[in-house]
Number of protein chains: 2
Amino acid sequence: MSDPKTAVQALTPDAIHAAYSLIQPYIHRTPLLTSQTLNTIASTPQLPESLLGTPFEGQTPATPTFRFFFKCENYQRIGAFKARGAFHALLRLIAERGKEEVQRRGVITHSSGNHAQALALAASTLSIPAHIVMPSISTPSKIAGTRSHGAQVVFSGSTSTEREAVVADIQAKTDAILIPPYDDFNIICGQGTTALELEAQYHDLVKEKPQLSVHGQGTGVLNAVITPVGGGGLNAGVATFFSDKTATQVFGAEPSFEGADDCRRGLQTGERVGMVKTLTIADGLRTPVGVLNWEVISDRSKVAGVYAVSEEQIMAAMRLVLERMKVVVEPSAVVGLAVCLFNEEFRRRVAQEGGEQGWDVGVVFSGGNTTVEAIGKLFG
Amino acid sequence: MSDPKTAVQALTPDAIHAAYSLIQPYIHRTPLLTSQTLNTIASTPQLPESLLGTPFEGQTPATPTFRFFFKCENYQRIGAFKARGAFHALLRLIAERGKEEVQRRGVITHSSGNHAQALALAASTLSIPAHIVMPSISTPSKIAGTRSHGAQVVFSGSTSTEREAVVADIQAKTDAILIPPYDDFNIICGQGTTALELEAQYHDLVKEKPQLSVHGQGTGVLNAVITPVGGGGLNAGVATFFSDKTATQVFGAEPSFEGADDCRRGLQTGERVGMVKTLTIADGLRTPVGVLNWEVISDRSKVAGVYAVSEEQIMAAMRLVLERMKVVVEPSAVVGLAVCLFNEEFRRRVAQEGGEQGWDVGVVFSGGNTTVEAIGKLFG
């Protein structure tokens with residue numbers, strides 16, 4: 001990879017549009033959903049008790065107004081936004097090196113699950129051999145999903161270091177080309193197409209139903225978009241797309257469990273945290289933010305802030321989405337919603353900056369790859 | 001109620017259209033979804049092992065082709081199709097008796113859950129007091145949902161007889177007007193609007209995406225529609241709507257557990273089964289089919305057949321919908337899909353009548369009112 005400070009300059013809204021033209025035939029335009037119930041719940045102040053033990057204890061709970069627009073990447077192919085980046089990276093690789101070389105050498109990646117399935121699908125669609133290194137503790141459905149696309153699955157330990165060692169070993173034997181899971185220009189551009197669709201669908205929805213603004217369903221100005229931050233490819237891509245649209249602020253969301261909020265902590269000290277070892281239930285968000293992604297996310301003109309939530313808050317948000325919206329999401333998918341519902345610091349910001357009119361907020365549900373057993377284990 | 005044989009003559013497609021005009025402002029036009037994954041699974045023959053112990057043991061498994069169109073009434077208001085019937089019955093009552101009388105006397109019903117929430121919502125929307133008799137073993141989320149609309153909840157035993165005794169007692173005291181949960185002309189017409197939307201959306205979908213028919217996504221002829229049968233209001237309403245459209249056959253689906261397949265058994269003997277006591281996981285389908293509904297469903301020119309599935313088959317269908325479609329449904333909602341996936345008698349019929357081209361099948365997902373705890377209990 002070239003120097004991240006140089007590479008980041010090529011990350012422009014135009015690059016996202018170019019990625020979209022390339023991948024459009026291969027991906028789903030996922031729906032943008034609204035929920036009056038969730039708007040109401042999020043626009044109700046938290047109970048004073050729920051602020052006990054936080055820096056906001058004893059203060060009056062914030063009174064933000066939220067109108068949500070949920071970008072449902074759980075309905076994307078392979079059940080997660082990762083299909084966008086994987087198709088884009090592979091299509092670019094074939095364009096640059098020629099199909100013959102890519103087909104002969106094959107591709108390889110490491111991933112806790114969704115990028116694994118995404119690359120397996122992209123590779124089988126484009127007839128490229130694929131090796132996928134997965135942590136042995138990955139969700140069984142994600143392992144099965146990866147295998148079902150004909151990819152060769154190899155297991156590793158769960159830290160980035162352990163995974164990367166196994167990747168290097170296979171590359172030495174096969175000459176397979178690495179498609180990184182998140183810290184990569186083409187991956188970021190692919191994931192950023194989520195924002196391109198979200199923005200277009202938001203304007204269609206608000207335009208189509210002008211009467212809805214009366215009921216608080218959309219003002220025509222998308223004030224904010226919030227996405228999960230794991231490796232940071234999705235957040236960096238979304239931030240890149242909105243970088244020339246000053247009306248829309250982009251935010252990131254992380255689990256706080258066992259230091260999974262590496263990006264938020266890095267922003268506090270001004271230095272990227274390069275190593276994380278956490279078993280947060282948000283299993284897609286256990287990795288540290290990538291180097292190139294950090295360049296985007298730590299640019300305050302692109303990402304306005306990153307906020308963290310507890311495991312209990314992630315579960316509460318997941319329950320609301322399953323029970324009230326009737327939409328199946330994985331824990332990683334709802335950290336953005338959990339921030340809106342429960343992070344008092346963020347809620348004060350929305351109350352203050354949004355005022356009485358409040359904010360139209362795009363919330364990216366990043367994926368839905370869970371099982372009934374996993375839901376049972378979480379809530380049983 | 002008037003004589004069912006007379007009342008049934010007024011059950012016409014025009015009556016469904018009239019109901020739709022009345023309720024349209026109050027209900028959601030729920031989405032019609034497709035799933036290539038479920039089409040593929042259902043269009044794969046069952047394993048010979050899965051026919052062991054059935055009348056089809058040792059025979060070659062059927063090779064039907066299904067293209068599904070899922071009418072998602074789990075996304076209806078209160079999370080189930082019951083909102084349609086409840087709004088229709090209450091709007092008609094107000095039109096006939098005048099708002100003053102209905103407001104003074106109030107309304108009452110008994111229901112295992114979804115009709116309860118539906119009438120509570122309709123009553124609160126139209127400012128009518130409501131008493132709801134619910135079995136004490138109802139799903140807690142359904143009880144909470146009913147109460148959240150301001151209705152007075154009274155508990156009873158779980159059989160129809162026990163419920164009706166409590167209703168009579170409250171009526172004696174309050175003069176409240178009964179809105180029956182399913183065995184009622186206006187309820188049937190309301191539920192039938194599900195079919196009206198389904199048919200229109202099917203034609204929009206197939207017309208909009210003509211290329212899809214190449215990939216087996218819709219021929220333009222809706223060959224069949226299958227719905228759950230509990231009290232039978234939904235199935236009777238859907239059959240009424242399609243009664244003048246001979247290209248579309250209507251089917252019913254029931255759980256077989258502890259005799260919950262009362263309608264199927266009644267059709268075999270030619271006589272309605274009036275009493276059922278079952279604790280099938282499909283808790284919306286524990287009641288016997290109503291008298292008026294029976295008149296419709298037992299008319300072979302309206303309903304072409306009713307098929308039953310086991311608890312395990314309902315769970316397997318529910319798992320596929322949650323994990324593969326990422327859509328939250330309650331067990332009652334998936335009995336129609338379970339019949340398509342697992343009932344070999346029905347699958348042979350589709351293979352035989354549909355031939356190589358197969359069938360376009362509308363499948364009504366009747367509701368999605370479950371909880372993460374209930375999912376955990378089922379699959380944990």
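Residues numbered from 1 in each chain as written. Chains lettered and ligands numbered in written order. Predicted model: local features only at pLDDT ≥ 70, side-chain atom pairs only at ≥ 80, totals over all residues. Heavy atoms only, no water.

- As recorded in an unreviewed UniProt entry, chain A goes by Tryptophan synthase beta chain-like PALP domain-containing protein and comes from Aspergillus nanangensis.
- In UniProt, chain A has this text filed under Cofactor (unreviewed entry): "pyridoxal 5'-phosphate".
- Per UniProt, chain A carries the Sequence similarities (unreviewed entry) text "Belongs to the serine/threonine dehydratase family." (UniProt positions renumbered as here; feature names shortened; annotations may be inferred.)

Observations regarding the overall build of chain A
(1) Moving on: Across its full length, chain A carries 16 helices and 10 strands.
(2) Moving on: Taking 21 Å as the expected radius of gyration for a compact globule of 380 residues, we find that chain A reaches 20 Å, a close match to that expectation.
(3) Moving on: Looking at chain A residue by residue over its 380 residues, the buried ones come to 60%.
(4) Moving on: Counting only contacts in chain A whose residues sit at least 6 apart along the sequence, the fraction spanning at least 24 positions is 76%.
(5) Moving on: Within the structure as shown, chain A displays about 14300 Å² of accessible surface, and the carbon and sulfur contribution to it stands at 52%. (Helix = DSSP H or I, 4+ residues; strand = E, 2+ residues; numbered from the N terminus. Rg over C-alpha atoms; globule rule 2.2 N^0.38 Å. Buried < 20%, exposed > 50% of the residue type's maximum accessible area, 1.4 Å probe, protein only. Contact = heavy atoms within 4.5 Å. Areas by Shrake-Rupley, 256 points an atom, 1.4 Å probe, with all protein chains shown as cover.)

Structural notes on the interface of chain A and chain B
(1) Moving on: Taken together, the contact between chain A and chain B spans 19 residues of the former and 19 residues of the latter.
(2) Moving on: Both sides of the chain A and chain B interface together cover about 1600 Å² of buried area, and 61% of this is carbon and sulfur.
(3) Moving on: For the chain A face of the interface with chain B, the top three residues by lost area are Lys-326, Val-328 and Val-372 of chain A, together amounting to 39%.
(4) Moving on: For the pair chain A and chain B, the interface holds two salt bridges.
(5) Moving on: Across the pair Glu-373 of chain A and Arg-319 of chain B runs a salt bridge whose closest N-O atoms are separated by 2.6 Å.
(6) Moving on: Our enumeration of links across chain A and chain B arrives at 13 residue pairs in polar contact (both at pLDDT 80 or more).
(7) Moving on: Mapped by element, the contributors of at least two residues to the side of chain A that touches chain B are α13 (311–325) and α16 (372–379) of chain A.
(8) Moving on: Examining the composition of the side of chain A that touches chain B, we find that five residues originate from one element, α16 of chain A, more than from any other. (Buried area = accessible area lost by both parts, 1.4 Å probe. Salt bridge = Lys/Arg side-chain N within 4 Å of Asp/Glu carboxyl O. Polar contact = N/O pair within 3.5 Å; in protein donor to acceptor, adjacent residues only side chain to side chain.)

A word on the packing of helix α2 (residues 13–23) of chain B against helix α10 (residues 233–241) of chain B
All names here are of chain B.
(1) Moving on: Their axes nearest at 7 Å, the elements α2 and α10 cross at an angle of 110 degrees. By the angle between their axes, α2 is roughly perpendicular relative to α10. For the pair α2 and α10, the crossing hand works out as left-handed. Between α2 and α10, the contacting residues are Pro-13, Ile-16 and His-17 on the first element and Gly-237, Thr-240 and Phe-241 on the second.
(2) Moving on: Across the contact of α2 with α10, the residue classes tally to three nonpolar, three polar and no charged. (Axes fitted to C-alpha atoms, helices over the stretch in contact; angles between N-to-C directions. Parallel < 35°, antiparallel > 145°, perpendicular 65-115°, else oblique. Left-handed = near helix turned anticlockwise from the far one by under 90°. Nonpolar A, V, L, I, M, F, W, Y, C, P; charged D, E, K, R; others polar.)

Comments concerning helix α4 (residues 82–97) of chain A
Residue and element names in this part refer to chain A.
(1) Moving on: Between its terminal C-alpha atoms α4 stretches 22 Å, which fits the 22 Å expected from 16 residues at 1.5 Å a residue.
(2) Moving on: Counting buried positions along α4 gives 12 out of 16 residues, so the element sits mostly inside the fold.
(3) Moving on: Residues Lys-82, Ala-83, Arg-84, Gly-85, Ala-86, Phe-87, His-88, Ala-89, Leu-90, Leu-91, Leu-93 and Ile-94 constitute the buried set of α4.
(4) Moving on: One or two steps after α4, the chain reaches Gly-98, where phi turns positive at roughly 90 degrees. (Expected span 1.5 Å × (residues − 1).)

Re a nonpolar patch on the surface
(1) Moving on: A cluster of nonpolar side chains, namely Ile-137, Phe-257 and Leu-279 of chain A, defines an oily patch on the protein surface of about 280 Å² accessible area.
(2) Moving on: In this structure, Phe-257 of chain A sits in the loop between β8 (249–255) and α11 (262–269). (Patch = residues over 30% accessible without salt bridge, like charges linked within 9 Å, V, L, I, M, F, W, Y side chains within 5 Å.)

Topic: the pairing of strand β4 (residues 130–135) of chain A
Residue and element names in this part refer to chain A.
(1) Moving on: Judged by how many residues are buried, β4 sits mostly within the fold: six of six residues are covered.
(2) Moving on: Both faces of β4 are covered, namely the face carrying Ala-130, Ile-132 and Met-134 and the face carrying His-131, Val-133 and Pro-135.
(3) Moving on: Both strand β3 (residues 107–110) and β4 contribute to a ladder of four bridges, which runs parallel. Paired with Val-107 across the two strands is Ala-130, which belongs to β4.
(4) Moving on: Each parallel crossover has a hand, and the one from β3 via helix α6 (residues 114–125) to β4 is right-handed.
(5) Moving on: By the bridge criterion, five bridges tie β4 to strand β5 (residues 152–156) in an arrangement that is parallel. Note that in β5 the partner of Pro-135 across the bridge is Ser-156. (Pairing = 2+ DSSP bridges. Right-handed = clockwise from strand over helix to strand, strands pointing away.)

A word on the relation of the copies chain A and chain B
Taken together, a rotation about one axis and a shift along it account for how the two chain copies relate.
(1) Moving on: Superposing chain A onto chain B requires a rotation of 180 degrees together with a translation of 0.0 Å along the rotation axis, leaving an RMSD of 0.0 Å. These values place the two chain copies in the arrangement generated by a two-fold rotation axis. By C-alpha distance to the rotation axis, the residue of chain A lying nearest is Gly-376 of chain A, at 1.6 Å.
(2) Moving on: Counting the interface residues of chain A, we find that 100% of their copies in chain B are interface residues as well, pointing to one common contact surface. (Least-squares fit on C-alpha atoms with pLDDT ≥ 70 in both.)

Points about the nonpolar core
(1) Moving on: Phe-68, Leu-337 and Phe-365 of chain A together with Phe-68, Leu-337 and Phe-365 of chain B are the most contacted members of the largest nonpolar core, which totals 86 residues.
(2) Moving on: Broken down by element, the residue count for this core peaks at seven residues, all from α13 of chain A.
(3) Moving on: Apart from the residues within four sequence positions on either side, Phe-68 of chain A is in contact with Leu-33, Thr-34, Leu-38, Asn-39, Ala-42, Leu-337, Cys-340, Val-361 and Val-363 of chain A. (Core = buried A, V, L, I, M, F, W, Y, C linked by side-chain atoms within 4.5 Å.)

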